[in-house]
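Commentary on secondary and tertiary structure
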Amino acid sequence: MSNIKLDEVVCRDFEDSELSSWKGKVASDENVNRVYEILNTIHKEGQRSLNSITANVENGTRHDRYHRNVSTRNEKHAHVVGRRSGPLISGTAYCISSCSMILLNKVVLSSYNFNAGISLMLYQNLIACLVVAILGLCGAVSIEKLNWRLIRVWIPVNIIFVGMLVSGMYSLKYINIAMVTILKNMTNILTAIGEYYVFRKHQNLKVWTAMFMMIISAVSGGITDLSFDAAGYTWQILNCFLTAGYSLTLRLVMDKAKQATKSGSLNKVSMVLLNNLLSLPFAVFLIFVMNEWEYVVKADVIRLPMFWVVATASGLLGLAISFTSMWFLHQTGPTTYSLVGSLNKIPISIAGLALFKVPLSVPNLFSILFGLFAGIVFARAKMS
């Protein structure tokens, strides 16, 4: 009996243990299924998120690519427009500043009857130095640091530069603008001769033909000039020699000047500052030697505010010519720059004749037109 009970107990214990084991397995299987369901859910959600992220990235990439393409197209369009309009704008600025400079100098020297060309040059060069120095301090332009070695090399160039400016001032005072423009063609002849003897540079037949035409126009223009002034013509002939000498001397000392700088180069802005700065003591010396300071102190014209406005404007335009010529030369090239410079003499001559009411004869008019034509022929001959 006890054995039966024992068997029942054992059997029940066994059944209970099996049942509990089976329930444990079921519970374990359910837990595993739940884990699988949870992981499956996480996987599906992650896949959706990943797809969503990938889609967003693709959309963002397309959006960025679209904007980059639009930006590239805009930059190319702006570059093309700038390349087309750059030469026109820079050339116009160069012509306007060049014409205005000559006309304003004529106004100061003739209309205001100011008989102190060296003092005017001193004032204009001082303005140029101040403007360039301010631009250099602001970082708008790059200026080479000056040193005594560079100054010693540059002094011969600067002496000729001062003489060129002074002679140009006095010639413009006594001669009408059209004849000054025609006589300036003689500078090309002197420069070509100097290049042949100094640099052994040969010119072609077209260049010599154009220069012969310039000589004819200058001689005929002087003979037919109703307002002929011997002093003015003397100053202008001297100006032609000095201008040609300045060009040739500049080429001779340029390599030495570059070697005298720390960077090994000398840009146009630094040359403008160097020329104008070194000219100041020479100008002061000439003012005292030629006794101009007494005239300036006693002159009534310096008490007119408008006189100072015109004089200051002419100084700023002189500096503007330097910058616009660099800009135009960079946008085009030496050939176009030379041709436009020759064509620019036409509006200057016409404006000078019209504004200052110059007495003009028909032969003199034809001499001026012939001289302008010779200048254009010379520029085209230099291109070939």
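As a starting point, this report considers the structure included with it. What you see is a predicted model, and the numbers here were worked out from it, not measured in a lab. (Residues numbered from 1 in each chain as written. Predicted model: local features only at pLDDT ≥ 70, side-chain atom pairs only at ≥ 80, totals over all residues. Heavy atoms only, no water.)

1. So, the overall build of the protein
The condition is simple: Only DSSP runs of H or I with at least four residues qualify as helices, and only runs of E with at least two residues qualify as strands; both kinds are numbered from the N terminus onward. Each residue is placed in one exposure class: buried if its accessible area under a 1.4 Å probe, protein chains only, is under 20% of its type's maximum, exposed if it is over 50%, and partly exposed if it falls in between. Residue contacts are defined here by distance: any two heavy atoms, one from each residue, within 4.5 Å place the two residues in contact. Here the Shrake-Rupley method, with its probe set to 1.4 Å, supplies the accessible areas, and only the displayed protein chains count as covering residues.
Of the regular secondary structure elements, the protein holds 13 helices and zero strands. Counting from the amino terminus, helix and strand elements in the protein follow one another as α-α-α-α-α-α-α-α-α-α-α-α-α. Evaluated residue by residue, the protein yields a buried proportion of 36% over its 384 residues. Of the contacts made within the protein by residues no fewer than 6 positions apart, 88% connect residues no fewer than 24 positions apart. Put simply, the protein shows about 22,300 Å² of open surface, and 66% of that area lies on carbon and sulfur atoms.

2. Description of a nonpolar patch on the surface
Defined as follows: Each patch is assembled from residues with relative accessible area greater than 30% and no salt bridge, linking like charges that lie within 9 Å and nonpolar side chains (Val, Leu, Ile, Met, Phe, Trp, Tyr) that lie within 5 Å. Here a salt bridge means any side-chain nitrogen of Lys or Arg lying within 4 Å of a carboxyl oxygen belonging to Asp or Glu.
There is a patch of nonpolar side chains on the surface, built from I193, Y196, Y197, V198, W208 and L252 and spanning about 580 Å² of accessible area. The leading source of residues in the nonpolar patch is helix 5 (residues 185–198), at four residues. Take L252: it is sitting in helix 7 (residues 230–259). Among the residues examined, L252 registers a relative accessible area of 48% and is labelled partly exposed.

3. Observations concerning the layout of surface pockets
Stated formally: Detection works on a 1 Å grid of protein atoms alone, calling trapped sets that fit a 1.4 Å probe cavities and calling open sets with protein on both sides within 12 Å along at least five of seven lines pockets, with lining residues defined by an atom within 4 Å of a point. Grid points are joined across faces, edges and corners, and a volume is the space filled by probe spheres set on the points. The nonpolar class holds Ala, Val, Leu, Ile, Met, Phe, Trp, Tyr, Cys and Pro. Asp, Glu, Lys and Arg form the charged class, and all remaining residues, Gly among them, are polar.
Considering only enclosed or pocket space, the second largest pocket measures out at about 210 Å³ in volume. If you trace the second largest pocket, you find it lined by L183, M186, L190, I215, A218, V219, G222, Y233, I237, C240 and F241. Taken together, the elements giving at least two residues each to the lining of the second largest pocket come down to helix 5, helix 6 (205–223) and helix 7. In terms of residue class, the lining of the second largest pocket is built from 10 nonpolar, one polar and no charged.

4. Re the nonpolar core
The cut-off we apply is this: By nonpolar core we mean a set of buried residues, namely Ala, Val, Leu, Ile, Met, Phe, Trp, Tyr and Cys, connected to one another through side-chain atoms within 4.5 Å.
Counting residues in hydrophobic clusters, the biggest one holds 36 residues, and the most contacted among them are F114, I118, L120, M121 and I368. If you list the elements that add at least two residues to this core, you get helix 1 (2–111), helix 2 (117–138), helix 3 (148–174), helix 4 (177–183), helix 8 (268–289), helix 10 (305–331), helix 12 (345–355) and helix 13 (362–383). It is helix 4 that contributes the most residues to this core, six residues altogether. Residues M164, Y246, L250 and A260 belong to the second largest nonpolar core, which totals 16 residues.

5. Re the side chain of S119
The criterion, for reference: By the criterion applied in these results, polar contacts are pairs of N or O atoms within 3.5 Å in which, for protein atoms, one can donate a hydrogen and the other can accept it, and in which residues neighboring in sequence qualify only through two side-chain atoms.
The residue S119 is located in helix 2 in this model. Here E292 takes part through its side chain, which lies 2.7 Å from a polar atom of the side chain of S119. Once residues lying within four places of it in the same chain are set aside, the contact partners of S119 are I287, E292 and V296.

6. Concerning unusual backbone geometry
Non-glycine residue N113 carries a positive phi angle of around 55°. Here N113 lies in the loop between helix 1 and helix 2. Located in the positive-phi region is N291, a residue other than glycine, with phi close to 60°.

7. A word on the packing of helix 2 against helix 3
Counted only if it meets this: Where helices are involved, their axes are fitted lines through C-alpha atoms of the stretch in contact, as for all axes, and angles between N-to-C directions lie from 0 to 180°. Should an angle fall under 35 degrees it is taken as roughly parallel, and over 145 as roughly antiparallel, whereas 65 to 115 is taken as roughly perpendicular and any remaining angle as oblique. Left-handed describes a crossing in which the near helix is turned anticlockwise from the far one by less than a right angle; the clockwise case is right-handed.
Running from amino to carboxyl end, helix 2 crosses helix 3 at an angle of 125°, the nearest separation of the two axes being 9 Å. Regarding the angle of helix 2 to helix 3, the classification is oblique. The element helix 2 and its partner helix 3 pack so that their crossing is right-handed. Residues G117, I118, L120, M121, Q124 and N125 of helix 2 lie in contact with helix 3, whose contacting residues are F161, V162, L165, V166, M169 and Y170. For the contact of helix 2 with helix 3, the per-class residue count stands at nine nonpolar, three polar and no charged.

8. Some points on the environment of I376
On the secondary structure map, I376 appears in helix 13. The exposure class assigned to I376 is buried, which follows from its relative accessible area of 18%. Sequence separation between I376 and K345 is 31 residues, and the spatial gap between their C-alpha atoms is 9.5 Å.

9. Considerations on the side chain of T324
Its place among the elements puts T324 in helix 10. On the accessibility criterion, T324 (11% relative accessible area) is buried. Reaching out from T324, the side chain makes a polar contact with the side chain of S97 at a distance of 3.2 Å. If near-sequence neighbours (up to four positions away) are discounted, T324 is found in contact with S90, A93, Y94 and S97.

10. What about the packing of helix 5 against helix 6?
Direction vectors running N to C along helix 5 and helix 6 enclose 140°, while the axes themselves pass 9 Å from each other. As the angle between them shows, helix 5 and helix 6 are arranged oblique. Note on packing geometry: the crossing formed by helix 5 with helix 6 is left-handed. Across the interface between the two elements, N185, M186, N188, I189, A192 and I193 from helix 5 touch W208, M211, M214, I215 and A218 from helix 6. Its residues assigned to classes, the contact of helix 5 with helix 6 shows nine nonpolar, two polar and no charged.

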